[in-house]
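The residues making up each chain are set out below.
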Amino acid sequence: MARQVKRAFKYRFYPTGEQAAELSRTFGCVRLVYNKALQERTRAWYGEQRRISYVPSSAALTEWKKTAELAFLTEVSSVPLQQALRHLQTAFGNFFAKRAKYPRYKSRKKSRASAEYTRSAFTWREGHLTLAKMTQPLDIRWSRPLPEEAEPTTVTVSRDAAGRWFVSLLCEDSIAAAATTAAVGLDAGITSLVTLSTGEKVANPKHERRDRARLARAQRELSRKAKGSANREKARRKVARVHARIADRRRDVLHKLSTRLVRENQTVVIEDLTVRNLLKNGTLARAISDASWTELRSMLEYKCAWYGRELVVIDRFFPSSKLCGNCGTVAAKLPLNVRAWTCACGAVHDRDVNAARNILAAGLAVSACGDGVRPQRESSRTGRSSVKQEPQRATAGIPRL
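Asks: Can you lay out the overall build of the protein chain for me, pointing to particular residues and giving the numbers?
Replies: Scanning the protein chain from N- to C-terminus turns up ten helices and 14 strands. Taking the principal axes of the C-alpha coordinates as reference, the protein chain spans close to 80 × 50 × 50 Å. In the protein chain, buried positions account for 42% of the 401 residues. Across the protein chain, every contact between residues at least 6 apart in sequence was considered, and the portion connecting residues at least 24 apart equals 70%. Surface exposure of the protein chain reaches about 22,600 Å², of which carbon and sulfur atoms provide 50%. The centroid of the 74 positive side-chain charges in the protein chain is displaced by 7 Å from the centroid of its 37 negative side-chain charges.

Laid out in structure tokens, this is it:
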């Protein structure tokens, strides 16, 4: 059965000089309004213990436009400015719900340059998109078609560090998923990007390593340029283009892999990895960053929601690599350099394949029972998940493979 979802379609476009100037002004005004509203909220809270919501911020924006100092805000579309205030409201909502840190100010050099237009601020006619304050439609490269009879509800225009312009169209899309009962477990790695419980190993393309020499050369050229010069800006763009090339290739591989896994399986089981802590390993940090496990998990999460699949995340302390899938014994030690090991029962395991199969078994047990795939050694009042314990013998409840 087809599912109706909201889906963003991103395309590259090439603005005229007039359009680029208008969008650059809009980006700057969006950043200014966001920072000024954040400053007012911070001052009101720490100075007066008073919270400011979206409505007072919107009224303040109207007053700012009337001043001589900020009269230039009227030269750009008002919708992206209002959307910036809504994004700030969302950021504070996430902060108060303890889902994120306190909102930070947007930097001209480091923050993403973008502006969001709702339905009242753009015109969509016969495949041509015209934004507010513009007389000509954007020159978009339609790399893939939009869904039939799709009407964009939100348009987001952005410019990356390499100077490329993109437009993202949010539309309603119908996604049909073939019925299946298959399940797969994923073990993330560096030598192999992921190892599946079927025994398949997906090779790690190592995009950053392949372009490392080109990136180093571009960074050396940048370091020799005088700060503030036009040549330094050209060298910075060159470095940004190398980074963009790496990121685009990596994202393409992850999209294809995640889509295949979600389409072919009803249940996908992964580990809850703490990538932030793993990056503290100075030897492996660069390789872990290049693998981009966090981005892969994010893709699996929203694609499983699109296709009506189930994504099971097992506890990070589950000993998937050290657990014998044949007899259930947990090995005392298993260093990272050991890629194959033999259990006391005589079973010979490939480290990654065994881990993926154990992850699948634990995920199926969690999916069926909710918890309890390992015996609890502490009182339930502690609130700790039973899959966090590490007894020397593995549990009843984990199917043998």
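Asks: Describe the packing of aromatic side chains, and please don't skip the residues or the numbers.
Replies: Applying the stated criterion to the full structure yields nine aromatic pairs. Geometrically, the ring pair formed by tryptophan 124 and tryptophan 142 is edge-to-face, given 5.9 Å between the ring centres and 75° between the ring planes. Taken as a pair, tryptophan 124 in strand E3 (residues 122-125) and tryptophan 142 in the loop between strand E5 (140-141) and strand E6 (154-159) lie far apart in primary sequence, 18 residues in all. By relative accessible area, tryptophan 124 is classed as buried at 13%. According to the relative accessible area criterion, tryptophan 142 is partly exposed, its value standing at 37%.

Asks: Requested: an account of the sheet that holds E5, with residues and values cited.
Replies: Here we have five strands laid out as an open sheet, ordered E2-E6-E7-E1-E5, and antiparallel in their pairing. Both edges of this open sheet fall to strand E2 (113-118) and E5, since each of them pairs with a single strand only. Bridge count between strand E1 (residues 2-13) and E5: two bridges; the pairing is antiparallel. For arginine 12, the partnering residue across the bridge sits in E5 and is arginine 141.

Asks: For the sheet that holds strand E12 (residues 310-314), give the residues involved together with the corresponding values.
Replies: Strand order in the open sheet formed by five strands is E10-E9-E8-E11-E12, and the pairing between neighbours is mixed. Only two strands of the sheet have a single partner each, and these edge strands are strand E10 (201-203) and E12. For this sheet the average axis-to-axis angle between neighbouring strands, irrespective of direction, equals 25°. Alignment of strand E8 (residues 183-188) against strand E11 (residues 267-271), held across three bridges, turns out to be parallel. In the sheet register, glycine 185 faces E11, and the bridge partner there is valine 269.

Asks: How would you sum up helix H1 (residues 17-48)? Please name residues and give values.
Replies: Helix length check: H1 (32 residues) gives 46 Å between terminal C-alpha atoms against 46 Å at 1.5 Å per residue, within 8%. Positive phi shows up at glutamine 49, right after H1, with a value of about 55°.

Asks: With reference to specific residues and values, describe the pattern of salt bridges.
Replies: Using the criterion set out here, one finds 28 salt bridges in the structure. As a salt-bridge pair, arginine 260 and glutamate 200 come within 3.1 Å of each other at their nearest N and O atoms. Of this pair, arginine 260 sits in helix H6 (residues 230-264) while glutamate 200 sits in the loop between strand E9 (192-196) and E10; the two residues are 60 residues apart in sequence, bridging distant segments of the chain. The partner of aspartate 272 in a salt bridge is arginine 297, and the shortest N-O contact between them spans 2.8 Å. Here aspartate 272, found in the loop between E11 and helix H7 (275-278), pairs with arginine 297, found in helix H9 (residues 293-307); they are 25 residues apart in sequence, far enough to count as distant. Each of Asp160, Arg164, Asp248, Arg251 and Glu295 takes part in one network of salt bridges that share partners.

Asks: Outline the side chain of threonine 195, supporting the account with residue identities and numerical values.
Replies: Mapping threonine 195 onto the fold places it in strand E9. Residues in contact with threonine 195, not counting those within four places in the same chain, are Gly185, Leu186, Asp187, Glu200, Lys201, Asp352, Val353 and Ala356.

Asks: An account of a positive patch on the surface is requested, with residue identities and associated values reported.
Replies: The grouping of Arg210, Arg214, Arg217, Arg220, Arg224, Lys225 and Arg249 at the surface amounts to a positive patch. For the positive patch, the leading source of residues is helix H5 (residues 212-223), giving three residues. Positionally, arginine 220 belongs in helix H5.

Reading the values: rules and limits
Residues numbered from 1 in each chain as written. Predicted model: local features only at pLDDT ≥ 70, side-chain atom pairs only at ≥ 80, totals over all residues. Heavy atoms only, no water. Helix = DSSP H or I, 4+ residues; strand = E, 2+ residues; numbered from the N terminus. Buried < 20%, exposed > 50% of the residue type's maximum accessible area, 1.4 Å probe, protein only. Contact = heavy atoms within 4.5 Å. Areas by Shrake-Rupley, 256 points an atom, 1.4 Å probe, with all protein chains shown as cover. Lys, Arg positive; Asp, Glu negative; His and termini not counted. Charge placed at Lys NZ, Arg CZ, Asp CG, Glu CD. Phe/Tyr/Trp six-rings, centres within 6.5 Å; stacked < 30°, edge-to-face > 60°. Pairing = 2+ DSSP bridges. Axes fitted to C-alpha atoms, helices over the stretch in contact; angles between N-to-C directions. Expected span 1.5 Å × (residues − 1). Salt bridge = Lys/Arg side-chain N within 4 Å of Asp/Glu carboxyl O. Patch = residues over 30% accessible without salt bridge, like charges linked within 9 Å, V, L, I, M, F, W, Y side chains within 5 Å.

These figures capture arrangement, not role.
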